[in-house]
Amino acid sequence: MFSEFPASRRNLCALVVLFAALALSAQAQYTLVKISTDNFTNSDSVHKTEVEPDSFAWGNTIVMTYHVARRPGSVGWGSADVGFSTSLDGGKTWTYGYLPGLTVNYENGTYGAAADPSVAYDAKHGVWMISTLPLVGLNGNNGLIGDVAVSLSTDALHWGNPIVIDDTHLDDKNWTVCDNTPSSPYYGHCYTEWDQAFGSGDVLMSTSTDGGKTWGPGKPSADQAGGLGGEPLVQPNGTVIVPFEGFGLQAFRSTNGGASWGNSVTIAQINEHGDAGNIRNPDLPSAAIDASGKVYVVWSDCRFRTNCNTNDIVMSTSTDGNTWSPVSRIPIDPISSTVDHFLPGIGIDPATSGKTTHLTVVYYYYPVSNCNDSCKLEVGFSGSLDGGASWSGGIFLAGPMQISWLPISDGGPMVADYIGVSYSNGMPFGVFAVATAPTGGLLNEYMYTTKQPLLPPDLAARFSSADEKPILGAHSDFDRKAYYDDGHHFPIPATRHPVKPDAN
């Protein structure tokens, strides 16, 4: 059965009933699988905590990576080390461990802490990569923050010591991707993004052509765009598109294998509801690409809600990185609902494209946006089988969690700045932090996936937002600023505003 329901007053009651029925019927269909644990005992972390995962899949192999043992906000940034969980059988079984030689807490590392892991695979060289931000500025008071490094593996289970890409000690929010299309003129090029948060503020890109063993210097966009949270993606023709958060959402690209980078363009403004409970949410973009090279970018935004009273997950797409579609709402819940959606992660089946593109979005949410001190945090997902033209209603995965069960970062109680979804042989698996009540004076926040792939039930209704329009004059319900860093210590000055953002 396949149904589409435009949001309108005429069928609002039917929408509410259908969304509620779908959520209730879906709760028992997805079994959580804990894939890791915090075994560290270092004194500068809050233990039994894991946050901020990313994932990537190639064939039957899925690699998920995340912080382990988050350091509290009163101490500074990062975590005791970066962990990984690997499945070699398409998500049936998992093996976890920690990256060696990265921090002082594990196998002779030299850095005091680490953060911001992302994972990639280089098909040409047969190498897995976990990109990290090893930290040197551990308390934020000395004008330093981190370097950029990458750890390599040929089997996704045994990892080498980190290779440092940039050692200026000024960096934040790194991300790595590889060109895995054999017909691309730049097949086997890998690209690592970061921003020099405590220095120039530029979003920088470095290129490797030898499986991550060596890397070139960080290069800015032609207009030296500033911001953070870039997630580079590679089209089948070798063009690299880098969506990032600057003044709103922006993007730039390279068409010559990273030899140079073009000017930035504006994707959209960000209109953001301030999430309750002071939960950490820098509202970074999450991006994925289909088989044709079409890029999908999602983030949390309140432009479709009266008075910006809650966030939806919204989306913009591009086929070339220069021109972007108007912002559309993913209709997870009715537009009149009280649900606040945030921290999305998007995944796309890389074998699909066009009107049959398969997409999955995993996200956190509050069932009641205006929850103040009684917020209940949950995890859900929504799926599309038609390139985002229609979506399943929101499907419950985990929760409810109390905010007091989360570690306190420099940006508030934390589950993530980003989460991940990857497709293995057409099957989507998400990775996300789930917290339960503390025991014995310790927290209980770990990484989870699901036993079943994140496919909506066969009979799930589908919903379209094609008839919906943003609220005229929509804007954030707080004084939202742009920053070079995810801890919001360094605002981007207005003098670096590239162009006036469009009305998307």
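Further up the page is the structure itself.
This write-up is about the structure you can find in this document. (Residues numbered from 1 in each chain as written. Predicted model: local features only at pLDDT ≥ 70, side-chain atom pairs only at ≥ 80, totals over all residues. Heavy atoms only, no water.)

Here we take up the state of the cysteines. For the structure shown, the criterion picks out 3 disulfides. With a sulfur-sulfur separation of 2.1 Å, cysteine 178 is cross-linked through a disulfide to cysteine 190. Disulfide cysteine 178 to cysteine 190: torsion about the S-S bond roughly 105°, handedness right-handed. With cysteine 178 in strand β9 (residues 163-178) and cysteine 190 in strand β10 (residues 190-195), this pair connects stretches of sequence that are 12 residues apart. Here cysteine 178 and cysteine 190 have matching classes, each one buried. Between the sulfur atoms of cysteine 302 and its disulfide mate cysteine 308 the distance is 2.0 Å. Here the disulfide of cysteine 302 and cysteine 308 is left-handed, its torsion about the S-S bond being about -85°. Each member of the pair, cysteine 302 as well as cysteine 308, carries the same accessibility label: buried. (Disulfide = S-S within 2.5 Å. Helix = DSSP H or I, 4+ residues; strand = E, 2+ residues; numbered from the N terminus. Buried < 20%, exposed > 50% of the residue type's maximum accessible area, 1.4 Å probe, protein only.)

Okay, the sheet that holds strand β20 (residues 328-329) next. Strand order across the open sheet formed by 4 strands is β17-β18-β19-β20, with antiparallel pairing between neighbours. Across the chains shown, the open sheet's two edge strands, defined by having one partner strand only, are β17 (286-289) and β20. Pairing of strand β19 (residues 312-318) with β20, which is carried by 2 bridges, proceeds in the antiparallel orientation. In the strand pairing of β20, methionine 315 is matched with serine 328. (Pairing = 2+ DSSP bridges.)

On to the packing of aromatic side chains. Counted under the stated rule, the structure contains 17 aromatic pairs. Between tyrosine 98 and tyrosine 106 the ring centres are 5.5 Å apart and the planes differ by 85°, which places this aromatic pair in the edge-to-face class. On the basis of relative accessible area, tyrosine 98 is assigned to the buried category, the value being 10%. Geometry around tyrosine 446 places lysine 34 over its ring, the cationic atom sitting 3.8 Å from the centre. (Phe/Tyr/Trp six-rings, centres within 6.5 Å; stacked < 30°, edge-to-face > 60°. Lys NZ or Arg CZ within 6 Å of the ring centre and 35° of its normal.)

A separate point is the environment of glycine 441. Positionally, glycine 441 belongs in the loop between β29 (427-439) and β30 (442-450). Glycine 441 sits in the exposed class, given a relative accessible area of 78%. Separated by 394 residues in sequence, glycine 441 and histidine 47 place their C-alpha atoms 9.7 Å apart.

What follows concerns the side chain of threonine 61. Following the sequence through the fold, threonine 61 ends up in strand β3 (residues 61-70). Ignoring anything within four residues of it in the chain, the contact list for threonine 61 reads Phe56, Thr86, Ser87, Leu88, Trp128 and Ala156. (Contact = heavy atoms within 4.5 Å.)

Let's shift gears to unusual backbone geometry. The linkage connecting glycine 399 with the following residue, proline 400, adopts the cis geometry, with an omega of -5°. Its location among the elements puts proline 400 in strand β25 (residues 395-402). A positive phi angle, close to 60°, is found at glutamate 52, a residue other than glycine. Note on placement: glutamate 52 falls in strand β2 (residues 50-58).

Our focus in this paragraph is the environment of valine 362. Tracing the backbone shows valine 362 in strand β22 (residues 359-366). Separated by 19 residues in the primary sequence, valine 362 and leucine 343 have C-alpha atoms spaced 8.3 Å apart. If near-sequence neighbours (up to four positions away) are discounted, valine 362 is found in contact with Leu343, Pro344, Gly345, Val379, Gly380, Phe381, Ile419, Val421, Gly430, Phe432 and Leu454.

Time to look at the pattern of salt bridges. For the structure shown, the criterion picks out 16 salt bridges. Residue lysine 173 pairs with aspartate 116 through a salt bridge whose shortest N-O separation is 2.9 Å. Of this pair, lysine 173 sits in strand β9 while aspartate 116 sits in strand β6 (residues 113-122); the two residues are 57 residues apart in sequence, bridging distant segments of the chain. Here lysine 173 matches aspartate 116 in class, with each residue buried. (Salt bridge = Lys/Arg side-chain N within 4 Å of Asp/Glu carboxyl O.)

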